[in-house]
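An overview of the molecular structure
Read off the chains here:
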Amino acid sequence: MEIIDGKKVSTQIKEEIAEEVARLVAEGKKIPHLAAVLVGNDGASETYVANKVKACQAVGIKSTELRYGSDITEEQLLEVIRQLNEDSDIDGFIVQLPLPKHISEEKVLNTIHPDKDVDGFHPCNVGKMVLGLPTYLPATPAGIMELLARYDIDTEGKHCVVVGRSNIVGTPMAVLMSRKAKHANCTVTMCHSRTSNLKEITRQADILIVAIGVPHFITKDMVREGCVVVDVGIHRIPSETTKSGWKLVGDVDFEQVSPLCSYITPVPGGVGPMTIVSLLQNTIKACKAKH
Ligand code: NDP
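These lines cover the structure that appears in this document, whether it is placed above or below.

The rules we used
Numbering of residues begins from 1 in every chain and follows the order in which that chain's sequence is written. Where totals are concerned, whole chains, interfaces and linings use all residues; where local detail is concerned, this predicted model gives features only for residues with pLDDT of at least 70, and gives and counts side-chain atom pairs only at 80 or more. The basis for every side-chain value is the complete set of non-hydrogen atoms in the structure, without hydrogens or water. Under the scheme used here, helices are H or I runs from DSSP no shorter than 4 residues and strands are E runs no shorter than 2 residues, and both carry numbers assigned from the N terminus. Our radius of gyration looks at C-alpha atoms and nothing else; its globule reference is 2.2 Å times the residue count to the power 0.38. For every residue, the accessible area (1.4 Å probe, protein chains only) is compared with the maximum for its type, and the residue is labelled buried under 20%, exposed over 50%, or partly exposed between those bounds. Only heavy atoms matter for contacts: two residues are in contact if any of them lie within 4.5 Å across the pair. A 1.4 Å probe that fits but cannot get out identifies a cavity on a 1 Å grid over protein atoms alone, an open set with protein on both sides within 12 Å along at least five of seven lines counts as a pocket, and a residue lines either if it has an atom within 4 Å of a point. Grid points are joined across faces, edges and corners, and a volume is the space filled by probe spheres set on the points. Any residue with a non-hydrogen atom lying within 4 Å of a molecule or strand is treated as near it. Under the rule applied, a polar contact is a pair of N or O atoms within 3.5 Å (in protein, one hydrogen donor and one hydrogen acceptor; residues adjacent in sequence only if both atoms are side-chain atoms). Think of it as three bins: nonpolar holds Ala, Val, Leu, Ile, Met, Phe, Trp, Tyr, Cys and Pro, charged holds Asp, Glu, Lys and Arg, and polar takes everything else, Gly as well. Pairs were defined over the aromatic rings of Phe, Tyr and Trp, the Trp ring being its six-membered one, requiring ring centres within 6.5 Å. Orientation was assigned from the angle between planes: stacked under 30 degrees, edge-to-face over 60, tilted for the rest. For a lysine, the NZ atom is tested; for an arginine, the CZ atom; a charge sits over a ring if that atom is within 6 Å of the ring centre and within 35 degrees of the ring normal. What makes two strands pair is DSSP finding at least two bridges between them. Disulfides are defined as pairs of cysteine sulfur atoms found within 2.5 Å of each other. What counts as a salt bridge is simple: a side-chain nitrogen of Lys or Arg found within 4 Å of a carboxyl oxygen of Asp or Glu.

Focus: the overall build of the protein
Looking only at helices and strands, the protein has 10 helices and 11 strands in total. Taken against the 2.2 N^0.38 rule, which gives 19 Å for 291 residues, the C-alpha radius of gyration of the protein at 19 Å falls within 12% of a compact globule. With respect to the three principal axes, the spread of C-alpha positions in the protein is 50 × 40 × 40 Å. Counting across all 291 residues of the protein, residues that qualify as buried make up 48%. When contacts within the protein are restricted to residue pairs at least 6 apart in sequence, long-range pairs at least 24 apart make up 69% of them.

Laid out in C-alpha cells, this is it:
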C-alpha cells in the first residue's frame, strides 16, 4: 500500500508556482492577483479564506480579501462582483460559499465573469469542462486529477466509482475521470444517497473516490483488494488520543481500509492541500490569459 502524499505534492507544486511567479516578475509582466470575497462570520469559511490568502502570499501571488457582514443585501453583493469583473488588476476571484440564506448562490455564481471564475463554478465553465474545452476546473477535482497524474496511477479502462454527486466534487469528478485523456479514460459509475446496493458497486471499483460528508462511511467490506482510494471527506471528530481532544478524519475508515489498497489518500494530508494549489494554478492561468 502506498500513501498518496498530497502535502508533499502540493509543496512541490507551490514551489513550481513560486518559480513561475518569480519569472513573470523578472520579465516585467503583471503579478497574478486573486481576490476572495467573504460574507459573514462562519468560522470554517474564515479559515478557508485565510488559508487561500496565506497560500497566495507564500508563492508571490497578490491577494485581496474583501469582507462583508452577513447583513449585506444580495444586490450589494452582486454590485461588488460586477466591480471585481471590471477591475483590470484582479485576474480572478472567488466568493466563499456558503452564503447567508437571503442571498442566492446561483445568482452570485452567474454574475461572476467566466474569465475570472477561478473556482470554475460558473455554468459556462462547467459546460466547457463537460465538453472537454479549456477552462478553469473546480479546485478539488482538479487537485485529485493532479495527484493521480503525479503518482502515475494507471486509470485507463479501469472502473472508477465516485460516491457523491455534488456540483463541486462528485459530479465534476465523474466527468473528468470519464474523459478521453491520460490519467482518465475510466468507466465511471456515480453513486449517491439513493443508490441501492452501494456496497456491491463500491466493491467493483478499481478507483474509488469518496465525497459524501459522512465520517468513516467506507469500511473494509466495501472495498476490494488492490483498489486506489481517494478520500475527499474531512471531519473534525472528538478523540481521546490527541492533546486537543479532536482529530481530523475522512469519509473512509483509513485504519480498516488502507491495508487493502494499492494507493490511498490520507486525511489530513491527502486531497485537502491540493485544493488550494488548484486555485493558485487557476489564478496564474487567468493572469496569463489576459496578458
Ligand atoms: P455534499 O453534501 O454537497 O454532497 C454529498 C454527496 O454525498 C451527495 O451527492 C449525497 O447524495 C451523497 N451522500 C450522502 N450520504 C450518502 C450515503 N449514505 N450514501 C451514498 N451517498 C451519500 O458534499 P460535498 O461534495 O461538498 O463534500 C463531501 C465531503 O468532502 C465533505 O466531507 C466535505 O467537507 C469534503 N470536502 C473536502 C474538500 C477538500 O478540499 N478536502 C473540498 C470539498 C469538500 P444526494 O445527492 O443524494 O444527497
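Considerations on the layout of surface pockets
Taken as a whole, the second largest pocket encloses approximately 230 Å³ of empty space. Contributions of two or more residues to the lining of the second largest pocket are made by α1 (6–26), α6 (139–150) and α10 (272–290). Among the elements that take part in the lining of the second largest pocket, α10 stands out by supplying five residues, more than any other.

Structural notes on the site of the ligand
Residues in close proximity to the ligand total 18 residues, the closest being Arg165, Ser166, His192, Ser193 and Thr275. At 3.5 Å from a nitrogen atom of the ligand is found a main-chain nitrogen or oxygen belonging to His192. By residue class, the composition of the shell around the ligand is seven nonpolar, 10 polar and one charged.

Here we look at the packing of aromatic side chains
With the rule as written, the count across this model stands at one aromatic pair. Ring centres 6.4 Å apart and planes at 75° place the aromatic pair Tyr151 and Tyr263 in the edge-to-face group. Here Tyr263 lies in strand β11 (residues 263–264) and Tyr151 lies in the loop between α6 and β5 (159–163), a separation of 112 residues in the sequence. Like Tyr151, the residue Tyr263 is buried in the burial classification. The ring of Trp246 carries Arg236 above its face, with NZ or CZ at 3.7 Å from the centroid.

A short note on the sheet that holds β5
Backbone hydrogen bonds hold the strands of a sheet together, and the pairing may be parallel or antiparallel. Strand order in the open sheet made by the six strands is β1-β11-β8-β7-β5-β6, with parallel pairing throughout. Each edge of the open sheet is held by one strand with a lone partner, namely β1 (2–3) and β6 (187–191). Sheet topology note: the β5/β6 ladder contains five bridges and is parallel. When the sheet's bridge partners are listed, Val161 is paired in β6 with Thr189.

Topic: the environment of Lys158
Mapped onto the elements, Lys158 comes out in the loop between α6 and β5. Note on Lys158: relative accessible area 29%, which makes it partly exposed. Once the C-alpha coordinates of Lys158 and Thr187 are considered, the two residues, 29 residues apart in sequence, prove to be 6.0 Å apart. Residues contacting Lys158, with those up to four places away along its chain left out, are Asn185, Cys186, Thr187, Asp206 and Ile207.

A closer look at the side chain of His159
Examined against the element boundaries, His159 turns out to sit in strand β5. His159 gets classed as buried once you look at its relative accessible area, which sits at 15%. In this view, His159 contacts Thr187, Thr189, Gln204, Ala205, Asp206 and Ile207; residues no more than four positions away in its chain are not counted.

Describing the state of the cysteines
Tallied over the full model, the rule gives zero disulfides. Cys160 carries a free sulfur, and the closest cysteine sulfur to it, the one in Cys186, is 4.9 Å from it. The structure places no disulfide on Cys261, whose sulfur is separated from the nearest cysteine sulfur, that of Cys227, by 6.0 Å.

A closer look at the pattern of salt bridges
Following the criterion strictly, the structure yields 16 salt bridges and no others. For Glu46, the salt bridge is made with Arg67, and the minimal N-O distance between the two is 2.9 Å. Separated by 21 residues along the polypeptide, Glu46 in helix α2 (residues 43–59) and Arg67 in strand β3 (residues 62–68) bring together distant segments of the chain. Judged by relative accessible area, Glu46 falls into the partly exposed class, the value being 27%. When salt bridges that share partners are traced, they join Lys30, Lys62, Asp89, Asp91 and Lys290 into one network.

Just geometry here; none of it tells us what the structure is for.
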